[in-house]
Amino acid sequence: MRLLSVVGGATWCCSGRLLARHFSQAARPRGRGERPGGEELGRLLLDDLAPAPRSAGGLELLFGLSPCLLALRAARRHVTRLLLQASGAGLQGERAELLREAEARGIPVLRPRRRKLDALCRHQVHQGVCMEVSPLRPRPWTEAGEARPGDDPQQLWLVLEGLQDPRNLGAVLRSAHFLGVDKVITSRRNSCPLTPVVSKASAGSMEVMDVFSTGDLASFLQTKAQQGWLVAGTVGCPEPKVPPCSQIPITSCLEFLWDRPTLLVLGNEGSGLSQEVQASCQLLLTILPARHLPPGLESLNVSVAAGIILHTICSQRKGQRWQHLQDPQEPSATSERPEGAQDPGKEKQNGG
């Protein structure tokens, strides 16, 4: 039986031999000048890792409707000017809201043509909206607050070690924000910064999320474990004939029981979790495929893998966080009915 291997939450392979190779790579110290990564990063186009457009004074060009609008609302960045694509039609919807917000805050607004915006954004998909802003950087994890396990047994922090592709990072942040992750911690070394490309890939989620960083990820994980948190990494599942390469228990994410505050740790796109970080984990999660997979289809992108595991965990969340999905004005199916009133469903059955 062949199982889907999760390489540090990044490239997930199906072979036990590949799994063993993954662990040996994680255990082998990287040489000087050697950057982490693997086939997934090697396949990226140069444009995917292009530096963010910057202007004088260390400012950068944020692009896309949602990132710009959410950045204005969050007010975490200093905004020097807003660029809205010139057009014959008037601005409507969120673009009009963006203009009103900028004018109310005294932000200069320019109306360049499409070709000029394309050049400024290096032909990224800008949707006719750009803003010149100060960079957004992760805060030190010491500012994350002392959340204790007794405060909420279902706290979930996402920990990212060495994610380098900005689109992967953005997609992971988008899923994390959507599914209710409380905080995100990134490793300071070998990690993608919070660039405009990350913000666009996150649909602007990066602008409103709590993102922190640490220079010593292993020590951070060990500290949280001592405080009562569960540290769950992501690794591959070996075939039955392949002996386990770690003494840490491995379980399917579908069998994971979320009964205490948890740190979910995802690794680099190619090399996965480092040996030191993996050794700091108390539990290792994996994803199993639903069919035998031919060569070339035995991997999952890190953002896809993150979404699957996060949804599996967050679906166990107690109902208090989902109350906003029910319209308070609309009575529930179990609400009391006036005396003598009949269930509409039963009335339909009785009426034929």
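Everything numeric in this text was worked out from a predicted model, so none of it was measured.

A.B. asks: How should the environment of Glu255 be read in this particular structure?
C.D. replies: Here Glu255 shows up in the loop between strand E10 (250-252) and strand E11 (262-266). Sequence separation of Glu255 and Ile313 is 58 residues, and the distance between their C-alpha atoms is 9.6 Å.

A.B. asks: How do you make sense of helix H3 (residues 65-74) when you look at a structure like this?
C.D. replies: Side chains of residues three or four places apart in an α-helix project in the same direction, reflecting 3.6 residues per turn. Every buried residue of H3 is listed here: Leu65, Pro67, Cys68, Leu69, Ala71 and Leu72. The elements touched by buried residues of H3 are strand E1 (60-63), strand E2 (79-84), helix H4 (93-104), strand E4 (129-133) and helix H7 (196-201). Just downstream of H3 lies Ala75, where phi reads positive at about 55 degrees.

A.B. asks: Just to check I follow, could you spell out the sheet that holds E2 for this structure?
C.D. replies: Consider a sheet: its strands pair through backbone hydrogen bonds, and that pairing is either parallel or antiparallel. One open sheet holds the four strands; their spatial order is E1-E4-E2-E3, and the pairing between them is mixed. Edge positions in the open sheet fall to E1 and strand E3 (109-110), since each of these has one partner strand only. Looking at chain direction, E1 and E4 are connected through four bridges and run antiparallel. Following the sheet pairing, Glu60 is matched in E4 by Val133. Helix-sheet contacts for H3 involve E1, E2 and E4, and the interaxial angle to E4 is about 45 degrees. Strands E2, E3 and E4 of the sheet are contacted by H4, whose axis makes an angle of about 145 degrees with E2.

A.B. asks: Could you clarify how one ought to interpret the packing of aromatic side chains in this entry?
C.D. replies: Centre-to-centre distance and the angle between the planes together describe a pair of aromatic rings. Summed over all chains, the structure comprises two aromatic pairs. For the pair Trp141 and Phe220, a centre-to-centre distance of 4.7 Å together with 70 degrees between the ring planes defines the contact as edge-to-face. Separated by 79 residues along the polypeptide, Trp141 in the loop between strand E5 (139-140) and strand E6 (156-160) and Phe220 in helix H8 (residues 217-226) bring together distant segments of the chain. Of the residues examined, Trp141 reaches a relative accessible area of 22% and is grouped as partly exposed. Assessed through its relative accessible area of 1%, Phe220 is described here as buried. A ring pair is formed by Trp157 and Trp229, whose centres lie 4.9 Å apart and whose planes are at 55 degrees; its orientation type is tilted. Linking Trp157 in strand E6 with Trp229 in the loop between H8 and strand E9 (230-234), this pair joins segments that are 72 residues apart in sequence. Exposure class is identical for Trp157 and Trp229. Each is buried.

A.B. asks: Help me understand the pattern of salt bridges in this model?
C.D. replies: Close approach of charged atoms allows side chains with opposite charge to pair. Under the definition given, this model contains eight salt bridges. Note that Glu207 is salt-bridged to Arg77, the shortest N-O span being 2.9 Å. Note that Glu207 is positioned in the loop between H7 and strand E8 (211-214) and Arg77 in the loop between H3 and E2, a separation of 130 residues in sequence. The exposure classification of Glu207 matches that of Arg77, with both residues buried. One salt bridge connects Asp210 with Arg139, and the closest N-O pair in it is separated by 3.7 Å. Here the residue Asp210 occupies a position in the loop between H7 and E8, and Arg139 occupies one in strand E5, the gap between them amounting to 71 residues. Residue classification places Asp210 among the partly exposed positions, given a relative accessible area of 29%. Taken together, the salt bridges that share partners define one network made up of Arg76, Arg139, Glu143 and Asp210.

A.B. asks: Even after reading the chapter, I still don't get the sheet that holds E6, so can you show me in this structure?
C.D. replies: Pairing within the open sheet is parallel, and its eight strands lie in the order E5-E8-E7-E6-E11-E9-E12-E10. Here the strands that pair on one side only, and so sit at the sheet edges, are E5 and E10. Summarising the sheet, E5 and E8 pair through two bridges and their orientation is parallel. Residue Pro140 lies in a different strand from E8, and its bridge partner there is Ser213. Helix-sheet contacts for helix H6 (residues 166-179) involve E6, strand E7 (183-187) and E8, and the interaxial angle to E6 is about 175 degrees.

A.B. asks: Sorry, what's going on with the packing of H3 against H4 here?
C.D. replies: Packed helix pairs are specified by the crossing angle of their axes together with the interaxial distance, meaning the distance between the axes. Orientation of H3 relative to H4, taken along the N-to-C sense of each, is 35 degrees, at an axis distance of 10 Å. Judged by the sense of rotation from one axis to the other, the crossing of H3 with H4 is left-handed. The segment H3 lies against H4, with Leu65, Cys68, Leu69, Leu72 and Arg73 engaging Glu94, Arg95, Glu97, Leu98, Glu101 and Ala102. By residue class, the composition of the contact of H3 with H4 is six nonpolar, no polar and five charged.

What counts and how
Residues numbered from 1 in each chain as written. Predicted model: local features only at pLDDT ≥ 70, side-chain atom pairs only at ≥ 80, totals over all residues. Heavy atoms only, no water. Helix = DSSP H or I, 4+ residues; strand = E, 2+ residues; numbered from the N terminus. Buried < 20%, exposed > 50% of the residue type's maximum accessible area, 1.4 Å probe, protein only. Contact = heavy atoms within 4.5 Å. Pairing = 2+ DSSP bridges. Axes fitted to C-alpha atoms, helices over the stretch in contact; angles between N-to-C directions. Phe/Tyr/Trp six-rings, centres within 6.5 Å; stacked < 30°, edge-to-face > 60°. Salt bridge = Lys/Arg side-chain N within 4 Å of Asp/Glu carboxyl O. Left-handed = near helix turned anticlockwise from the far one by under 90°. Nonpolar A, V, L, I, M, F, W, Y, C, P; charged D, E, K, R; others polar.

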